[in-house]
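# Tertiary structure, described
One-letter residues, chain by chain:
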Amino acid sequence: MKRIFYGWKMVGAATGLQFLQAGLMTQAFGAYVAVLSEERGWSKTELSGAAALQQMEVALLGPVLGWLLDRFGPRVFVRAGVVLFGLGLMALSRIDTLPAFYACFVLIALGTSFCGFFPLNVALIHWFERWRTRAMSSMSIGLAFGGIVVPLVAWSLQTHGWRVTALASGVLAIVIGLPLASMIYNRPEDRGEVVDGVSPRESSTAREQIVEKAQDPTRDFTAREALRTQAFWLLSLGHGFALFVVHAVTVHAIAHLKEGLGYSLEQAALVITLVTLSQIGGVAIGWWIGDRYDKRLIAAACMLMHMTGLLMLTYAVNAAMVCAFAVLHGVAWGLRGPFMQALRADYFGRSAIGMILGLSFLIIMIGQIGGPMIAGLCADLTGNYRLGFTLLALLVGLGSIFFLAAKQPARPLR
């Protein structure tokens, strides 16, 4: 029987780690916002500030972490990140003040930086070339499936309170996360494997590819060279504009459904579950078409889906419009998300991919931070989310232009 390539086992472990982070915090954060806003009296802008602080820390760490990942590999950082993430959730269960709330999110952000999609993507980029988009799309299923846990987290928040929920989440993160983190290796050579798992002795096609690569006069980009290309900036801006909507929805959708549309917390959590199921559908579509068609054009179409979906949620007058939001936003998120790292790897190569991804974080944080803050500030000023969500929808629609313009640059000569 043919042995399974270890890279696919790593995809499974990375999927599990993404599931833990998404289910316990990333996608469940909106439920915490709704509960803490009501119980502690903190404003939406103040609560959004924690998400903004988290994303700012991730972005500022990006270039340093990218250099470290290129130099030492992701394995050790993923293990440390799981522990920090769990400790941050446990600490969250003990807070009583807003500054302490922010401090916990600094710790959680450090953990998710070390064991989140950035180092996991870097690991998979080094293990896959031919099936890179398929591997990354498969890993994204973990992020999508995390949304299925949101109703359970919402139930626990209502039944047992946010302190017990946060403490239990931290324990689960470490107990389940550490065995998964131990399955992550830096490069195929560490396990006696080769990229994509195809040995040159097994395939004449593989031999031809190696000879062709040896004769190729071009090479991968350095981080400095990538920064000089238009493609780096256009991809980063497109990614950042997409995250205006993604992070605003993650932080504020439940509060909008609850306060603006009259849904209960449990009903709002079910809408997020529908987003999740649609996201899984988007990942499946990306798994099938990602290595066959132009990812850049698909990403541009997804931006228009994000825009339409958010406008549906903003001006919803019935359940059908809410469901349309969930399907459009979820499919666009699941389809586009894995393409962001795959496009950069396709354009710039593997050699300096950690640093290149890390530098791009400094740009995409405009959406990670701006989305929740714009929505929260407008909601505090106007009493609802209509103005903020409308502005963000128009921004993400505009962002499709960046992907359309992001043509692949010519590779540098050896």
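Below: a short report on this structure. (Residues numbered from 1 in each chain as written. Predicted model: local features only at pLDDT ≥ 70, side-chain atom pairs only at ≥ 80, totals over all residues. Heavy atoms only, no water.)

Turning our attention to the packing of helix α16 (residues 353-382) against helix α17 (residues 386-405). The interhelical angle for the contact between α16 and α17, taken along N-to-C directions, is 150 degrees, at an axis separation of 7 Å. Here α17 runs roughly antiparallel to α16, going by the angle between their axes. Facing Gly-371, Ile-374, Ala-375, Cys-378 and Thr-382 of α16, the residues of α17 in contact are Leu-387, Gly-388, Phe-389 and Leu-392. Tallied by class, residues from the contact of α16 with α17 come to six nonpolar, three polar and no charged. (Axes fitted to C-alpha atoms, helices over the stretch in contact; angles between N-to-C directions. Helix = DSSP H or I, 4+ residues; strand = E, 2+ residues; numbered from the N terminus. Parallel < 35°, antiparallel > 145°, perpendicular 65-115°, else oblique. Contact = heavy atoms within 4.5 Å. Nonpolar A, V, L, I, M, F, W, Y, C, P; charged D, E, K, R; others polar.)

Between its first and last C-alpha, α16 extends 43 Å over 30 residues, near the 44 Å set by a 1.5 Å rise per residue. Roughly 45 degrees is the biggest bend found in α16, and it falls at Ile-363. Following α16 by one or two positions, Gly-383 has its phi on the positive side, about 90 degrees. (Expected span 1.5 Å × (residues − 1). Bend = angle between axes of the 7 residues up to and from the residue.)

Moving on to the state of the cysteines. Put plainly, two cysteines are in a disulfide when a covalent bond ties their sulfur atoms together. Per the stated rule, a full pass over the model turns up zero disulfides. Just so you know, Cys-115 is unpaired, no disulfide at all, and the nearest cysteine sulfur is the one on Cys-104, 16 Å from it. Classification of Cys-115 by relative accessible area gives buried; the value is 2%. (Disulfide = S-S within 2.5 Å. Buried < 20%, exposed > 50% of the residue type's maximum accessible area, 1.4 Å probe, protein only.)

Let us now look at the packing of aromatic side chains. All told, the structure shown has 19 aromatic pairs when counted by the stated rule. A centroid spacing of 6.4 Å and a plane angle of 45 degrees characterise the contact between Phe-101 and Tyr-102, whose relative ring orientation is tilted. Residue classification places Tyr-102 among the partly exposed residues on the basis of a relative accessible area of 25%. For the ring pair Tyr-347 and Phe-348, a centre distance of 6.2 Å and an interplane angle of 80 degrees mean the geometry is edge-to-face. Phe-348 sits in the buried class, given a relative accessible area of 0%. Through a chain of ring-to-ring contacts, the aromatic side chains of Phe-5, Tyr-6, Trp-8, Trp-127, Phe-128 and Tyr-185 assemble into a single cluster. A cation sits over an aromatic face here: Arg-75 above Tyr-185, 4.2 Å from the ring centre. (Phe/Tyr/Trp six-rings, centres within 6.5 Å; stacked < 30°, edge-to-face > 60°. Lys NZ or Arg CZ within 6 Å of the ring centre and 35° of its normal.)

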